[in-house]
Amino acid sequence: MMRKTSVILLSAATGAALTLFVTQPRAVFMGSSARAATADTYRQLNLFGDVFERVRSDYVEKPDDTKLIESAISGMLTGLDPHSSYMDAKSFRDMQVQTRGEFGGLGIEVTMEDGLIKVVSPIDDTPASRAGIMANDIITNLDDEAVQGLTLNQAVEKMRGPVNTKIKLKIIRKGQDNPLDVTLVRDNIRVRSVRARVEQDDIGYIRITTFNEQTTEGLKREIGNLTNQIGGDKLKGFIIDLRNNPGGLLEEAVTVSDSFLEKGEIVSTRGRNAEETQRRAAHAGDLTKGRPVIVLVNGGSASASEIVAGALQDHKRATIVGTRSFGKGSVQTIIPLGSGNGALRLTTARYYTPSGKSIQAKGIVPDIEVLQDVPDELKSRTDTKGEASLRGHLKNDGDEKTGSQSYVPPDAKDDKALKLAGDLLHGIKNSASAAPTPGNDNKAATDKAKAAN
């Protein structure tokens, strides 16, 4: 049966990855063993029905039936892995708005850890970043209400609200003896996902903070602007900064990768059934015209960021510099449940780099590792735990890796990874930079990828 689908890759910070909007049901064919398993499943569902009725009739206060059902669905999904979840109708609408790159709120990427809200990273130029919210901050209270017991979606809902309204956050920060009380004013968050500047007079620096619907167009625009501003003859190459980028839309990750490639596979996704494997390939047309590219990553680079870094690394199109990435290599499917019923975010597959590597719970290992010099007061909070530390995460073959530095110095002059990237583009070599200078020779990597797959 043919199915009409559209594909989205969402932020790792909110627990999502590759998503498919399924608009038609799939055909189901069952043998005798499958029918027996189904019968047993329905017996278990009868048990759920008995419990549901007992709660409705005997709980000390009359419960809300809708909330009971939603809580049951949410518990079923969150018990699977850290990235499967239920979105009610409003959360589903909010997710769709966020992927367009504009939404109301604080401008903060968060995840759930041990029942508390943990900051992955603030979005640039938002109330959260201006108030000094930092990665790894733990939010314990929202307007004096404890977040313990709330789901991630419920906590996010409380942080969103009308523009110009206030919300107070109580924050625990490593290295601080007492909790911090921070009051933020909600704003209309327009995520400018691509920012650029000239580095050292002859290098184009491009920072991608998230992958939304405007990212590829923003990248194209900035590549053109930097080329014209510096001059084609003078331009040494580009630095693409994906540090602390939690992810975004799959299509944007693919087209951003495609912007630097002439051919070859970009990413493949593989589910439980072999026929569900999908491959995305590059098209001719390198926007940089073969100029060298350095990609910066760290422990906060996840999901779509890892797709881009993995594709350019495997094709030897870029040198990856920094620290090991987050390791978010699973695929989620967004399944709408009909008008007013929200949607499921369900883990359905893993994704693989062109050479056939899964980065799940391992991450992208940089060609050149660069550790930053961290101020003493921040040393206790400069590492992210990564996917491998999340309870219930999908396992990977071999040794899993966890813990990677995610600190980026606020002043560019203190940024060791940025400095090394500039040295590489200027042809300055040292003992740490053993990787080859990036170029546009993709043939060997492409042939290797085809053999591996």
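The structure displayed is predicted, hence computed values, not measured ones.

The rules we used
- Residues numbered from 1 in each chain as written.
- Predicted model: local features only at pLDDT ≥ 70, side-chain atom pairs only at ≥ 80, totals over all residues.
- Heavy atoms only, no water.
- Core = buried A, V, L, I, M, F, W, Y, C linked by side-chain atoms within 4.5 Å.
- Buried < 20%, exposed > 50% of the residue type's maximum accessible area, 1.4 Å probe, protein only.
- Helix = DSSP H or I, 4+ residues; strand = E, 2+ residues; numbered from the N terminus.
- Contact = heavy atoms within 4.5 Å.
- Patch = residues over 30% accessible without salt bridge, like charges linked within 9 Å, V, L, I, M, F, W, Y side chains within 5 Å.
- Areas by Shrake-Rupley, 256 points an atom, 1.4 Å probe, with all protein chains shown as cover.
- Salt bridge = Lys/Arg side-chain N within 4 Å of Asp/Glu carboxyl O.
- Axes fitted to C-alpha atoms, helices over the stretch in contact; angles between N-to-C directions.
- Parallel < 35°, antiparallel > 145°, perpendicular 65-115°, else oblique.
- Nonpolar A, V, L, I, M, F, W, Y, C, P; charged D, E, K, R; others polar.
- Pairing = 2+ DSSP bridges.
- Phe/Tyr/Trp six-rings, centres within 6.5 Å; stacked < 30°, edge-to-face > 60°.
- Lys NZ or Arg CZ within 6 Å of the ring centre and 35° of its normal.
- Expected span 1.5 Å × (residues − 1).
- Arc of directions from axis to C-beta.
- pLDDT = per-residue confidence, 0-100.

Caption draft 1: Spatial organisation of the nonpolar core. By size, the foremost hydrophobic cluster in this structure holds 37 residues, and its most contacted members are I206, I208, I240, L242, F260, I266 and V295. The set of elements that each furnish at least two residues to this core consists of β13 (203–208), α6 (215–230), β14 (237–241), α7 (250–258), β15 (265–271), β17 (293–297), α8 (304–314) and β20 (343–352). Looking at this core, the element that brings in the most residues is α8, giving 6 residues. Apart from residues lying up to four places away in sequence, I208 is in contact with S193, V194, T215, I240, D241, L242, N245 and V256.

Caption draft 2: Main features of a nonpolar patch on the surface. On the surface, a nonpolar cluster with roughly 490 Å² of combined accessible area is contributed by L47, V51, V55, Y59 and V60. Topologically, V60 is positioned in the loop between α1 (32–58) and α2 (65–78).

Caption draft 3: The packing of α6 against α7, seen in detail. Closest axis-to-axis distance for the α6/α7 pair is 8 Å, and the angle between their directions is 25°. Accordingly, the angle class assigned to the pair α6 and α7 is roughly parallel. Residues T215, T216 and L219 of α6 touch α7, and the partners they reach there are E252, T255 and V256. Taken together, the residues of the contact of α6 with α7 break down into 2 nonpolar, 3 polar and 1 charged.

Caption draft 4: Layout of the pattern of salt bridges. Within the structure shown, the criterion is met by 26 salt bridges. For the salt bridge of R54 with D58, the shortest nitrogen-to-oxygen distance reads 3.4 Å. In this pair, R54 and D58 are both assigned in helix α1, 4 residues apart and thus about one turn of the helix distant. On the basis of relative accessibility, which here comes to 51%, the residue D58 falls in the exposed class. Close ionic contact of K220 with E217 constitutes a salt bridge, the shortest N to O distance being 3.8 Å. Taken together, the residues K220 and E217, both in helix α6 and 3 residues apart, mark about one turn of the helix. A relative accessible area of 48% means that E217 is categorised as partly exposed. Among the charged side chains, a network of salt bridges with common partners joins E53, R56 and D65.

Caption draft 5: A look at unusual backbone geometry. Phi is positive for Q200, close to 55°, though the residue is something other than glycine. With respect to the helices and strands, Q200 occurs in the loop between β12 (194–199) and β13. Phi is positive for A361, close to 60°, though the residue is something other than glycine. Along the chain, A361 turns up in the loop between β20 and β21 (368–369).

Caption draft 6: Fine view of the side chain of N136. Residue placement: N136 occurs in the loop between α4 (127–130) and β7 (138–142). Residues in contact with N136, not counting those within four places in the same chain, are K118, V119, R381, D383, T384 and S406.

Caption draft 7: Structural detail: the pairing of β17. Most of β17 is tucked away, with 5 of its 5 residues classed as buried. Neither face of β17 is exposed, since V293, V295 and V297 on one face and I294 and L296 on the opposite face are all buried. Where β14 lies against β17, 4 bridges are found, and the strand directions are parallel. Opposite I239, over in β17, you have I294 as the bridge partner. Bridging between β17 and strand β18 (residues 319–322) involves 4 bridges; their strand directions are parallel.

Caption draft 8: Fine view of the environment of K174. Inspection of the secondary structure assignment puts K174 in the loop between β9 (166–172) and β10 (180–185). It is 6.3 Å that separates the C-alpha atoms of K174 and R381, two residues lying 207 residues apart in sequence. Once residues lying within four places of it in the same chain are set aside, the contact partners of K174 are E377, S380 and R381.

Caption draft 9: Broad picture of the packing of aromatic side chains. Within the structure shown, the criterion is met by 1 aromatic pair. Pairing F48 with F52 gives two aromatic rings, centres 6.2 Å apart and planes at 20°, and the pair type is stacked. In this pair, F48 and F52 both sit in helix α1, 4 residues apart, roughly one turn of the helix. A residue is classified by how much of its surface remains accessible, and F48, at 40% relative accessible area, is partly exposed. Since its relative accessible area comes to 17%, F52 is described here as buried. Above the ring of Y205, the side-chain terminus of R197 is found at 4.0 Å from the ring centroid. The lysine or arginine in question, R270, covers the ring of Y352, its NZ or CZ lying 4.1 Å from the ring centre.

Caption draft 10: Structural view of α6. For α6, with 16 residues, the first-to-last C-alpha span of 22 Å sits near the 22 Å given by 1.5 Å per residue. All of the buried residues along α6 are T215, T216, G218, L219, E222, I223, L226, T227 and I230. The buried residues of α6 occupy one face: seen down the axis, they fall within an arc of 160°. For α6, the exposed residues set more than 90 degrees away from the buried face come down to N228 and Q229. On its buried face, α6 is in contact with β12, β13, β14 and α7. At the exit of α6 stands G231, carrying a positive phi of roughly 100°.

Caption draft 11: Local environment of α7. In terms of residue burial, α7 counts as a mostly covered element, since 7 of its 9 residues are buried. Looking only at α7, the buried set comprises L250, E252, A253, V254, V256, S257 and D258.

Caption draft 12: Just the confidence of the model for the protein chain, in detail. For the protein chain, per-residue confidence averages 85 on the pLDDT scale, and 87% of positions sit at 70 or higher. Overall, residues 1–25 carries pLDDT values under 50, and its contacts beyond four positions in sequence, including any with other chains, amount to 97 contacts. Low pLDDT, under 50, characterises residues 440–453; the predicted model gives this stretch 25 contacts beyond four residues in sequence or across chains.

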